[in-house]
Amino acid sequence: MRKPIIAGNWKMNMLPGQAVALVDGLGSEITGFEDIEVVVCPPFVDIPAVSSAMKSAGLKMGLGAQNMHWEESGAFTGEISPTMLLDLGVTHVIIGHSERRQLFGETDEITAKKAATAYKAGLTVMLCVGERLEERERHTTQAVVLRQLKAGISRLEPAQLASIAIAYEPVWAI
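Residues numbered from 1 in each chain as written. Predicted model: local features only at pLDDT ≥ 70, side-chain atom pairs only at ≥ 80, totals over all residues. Heavy atoms only, no water.

(A) View of the pattern of salt bridges. Enumeration over the complete set of coordinates arrives at 9 salt bridges. Glutamate 106 serves as the salt-bridge partner of arginine 100, at 3.0 Å between the closest nitrogen and oxygen. One exposure class covers both arginine 100 and glutamate 106, and it is buried. One salt bridge in this structure joins arginine 155 and glutamate 109, with 2.2 Å as the shortest N-O distance. Residue arginine 155 is found in the loop between α7 (141-153) and β6 (165-168), and its partner glutamate 109 is found in helix α5 (residues 108-121); the two are separated by 46 residues along the sequence. Salt bridges sharing partners connect three or more residues here, namely Arg100, Glu106 and Lys114. (Salt bridge = Lys/Arg side-chain N within 4 Å of Asp/Glu carboxyl O. Buried < 20%, exposed > 50% of the residue type's maximum accessible area, 1.4 Å probe, protein only. Helix = DSSP H or I, 4+ residues; strand = E, 2+ residues; numbered from the N terminus.)

(B) Inspection of α5 at higher detail. Taking 1.5 Å per residue as the helical rise, α5 with its 14 residues ought to reach 20 Å, and the 20 Å between its terminal C-alpha atoms agrees with that figure. Turning to α5, its buried residues number three or more, namely Asp108, Thr111, Ala112, Lys114, Ala115, Thr117, Ala118 and Tyr119. On its buried face, α5 is in contact with α3 (82-87), β4 (92-95), α4 (98-104), β5 (124-129) and α7. At the exit of α5 stands glycine 122, carrying a positive phi of roughly 100°. (Expected span 1.5 Å × (residues − 1). Contact = heavy atoms within 4.5 Å.)

(C) Structural view of the pairing of β5. Counting buried positions along β5 gives 6 out of 6 residues, so the element sits mostly inside the fold. What you see with β5 is no split at all: Thr124, Met126 and Cys128 on one side and Val125, Leu127 and Val129 on the other are buried throughout. Two strands pair when backbone bridges link them, and β4 and β5 are joined in this way by 4 bridges, in the parallel orientation. Bridging across to β5, valine 93 finds its partner in valine 125. As paired strands, β5 and β6 are joined by 4 bridges and run parallel to one another. In the sheet register, leucine 127 faces β6, and the bridge partner there is isoleucine 166. (Pairing = 2+ DSSP bridges.)

(D) Broad picture of a nonpolar patch on the surface. Residues Leu133, Tyr168 and Trp172 make up a contiguous nonpolar surface patch of roughly 300 Å² in combined accessible area. Within the fold, tryptophan 172 resides in the segment after β6. (Patch = residues over 30% accessible without salt bridge, like charges linked within 9 Å, V, L, I, M, F, W, Y side chains within 5 Å. Areas by Shrake-Rupley, 256 points an atom, 1.4 Å probe, with all protein chains shown as cover.)

(E) Region of the structure containing the sheet that holds β5. Ordered in space as β1-β2-β3-β4-β5-β6, the 6 strands form an open sheet in which the pairing is parallel. Single-partner strands in this sheet number two, and they are β1 (5-9) and β6. Strand-to-strand twist in this sheet, taken as the mean axis angle between neighbours without regard to direction, amounts to 25°. Most of the contacts of helix α2 (residues 47-57) go to strand β3 (residues 62-65), to which it runs at about 175°, and overall it touches β2 (37-41) and β3. (Axes fitted to C-alpha atoms, helices over the stretch in contact; angles between N-to-C directions.)

(F) Just unusual backbone geometry, in detail. Of note, lysine 11 is a non-glycine position whose phi angle comes to about 55°, a positive value. As for its placement among the helices and strands, lysine 11 is situated in the loop between β1 and α1 (16-29). In this structure, histidine 139 is a non-glycine residue whose phi angle is positive, near 60°. Here histidine 139 shows up in the loop between α6 (133-137) and α7.

(G) Quick look at the packing of α5 against α7. Where α5 contacts α7, the two axes come as close as 7 Å, and the packing angle between them is 40°. Classed by the angle they form, the pair α5 and α7 counts as oblique. Like other packed secondary-structure pairs, α5 and α7 cross with a definite hand, here right-handed. Residue-level contacts link Asp108, Thr111, Ala112 and Ala115 of α5 to Arg147, Gln148, Ala151 and Gly152 of α7. Considering only residue class, the contact of α5 with α7 consists of 3 nonpolar, 3 polar and 2 charged. (Parallel < 35°, antiparallel > 145°, perpendicular 65-115°, else oblique. Left-handed = near helix turned anticlockwise from the far one by under 90°. Nonpolar A, V, L, I, M, F, W, Y, C, P; charged D, E, K, R; others polar.)

Below, the structure written as structure tokens:
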């Protein structure tokens, strides 16, 4: 059975110095959590500083990215590739977050492409699924979540499914 994951998504908060201070403080707080995988997901600009601080302190935490592109390289202004993330020490990536779906129009198809690319690169996927308030009120939660889940894993091989992390995140509860 897989270890449970506790992941903190810092969203668009903290400058690198603040992020390092937070990670330094977390180091003493995660003692005794050997049966739980702890992952921090800072903004992209904080990843190098957080990665360095984690290595220096010998912290046994995962480092997650909040997003990535499905291509390895190319003319995708402002995007980050899985190879770039790996080079910075990133081990996990959030795919399908409700904010990416709602604010940036990411579809189930885009989520599927990102998940497949992340696995191919060797990143652990944290796949987010969840319904909006109007979907909950229409009693379509199960259908929405199943659709998102099926799409998110549609390009993965059966063996890859053993390491995926599913985060149920109802949009209305955020």
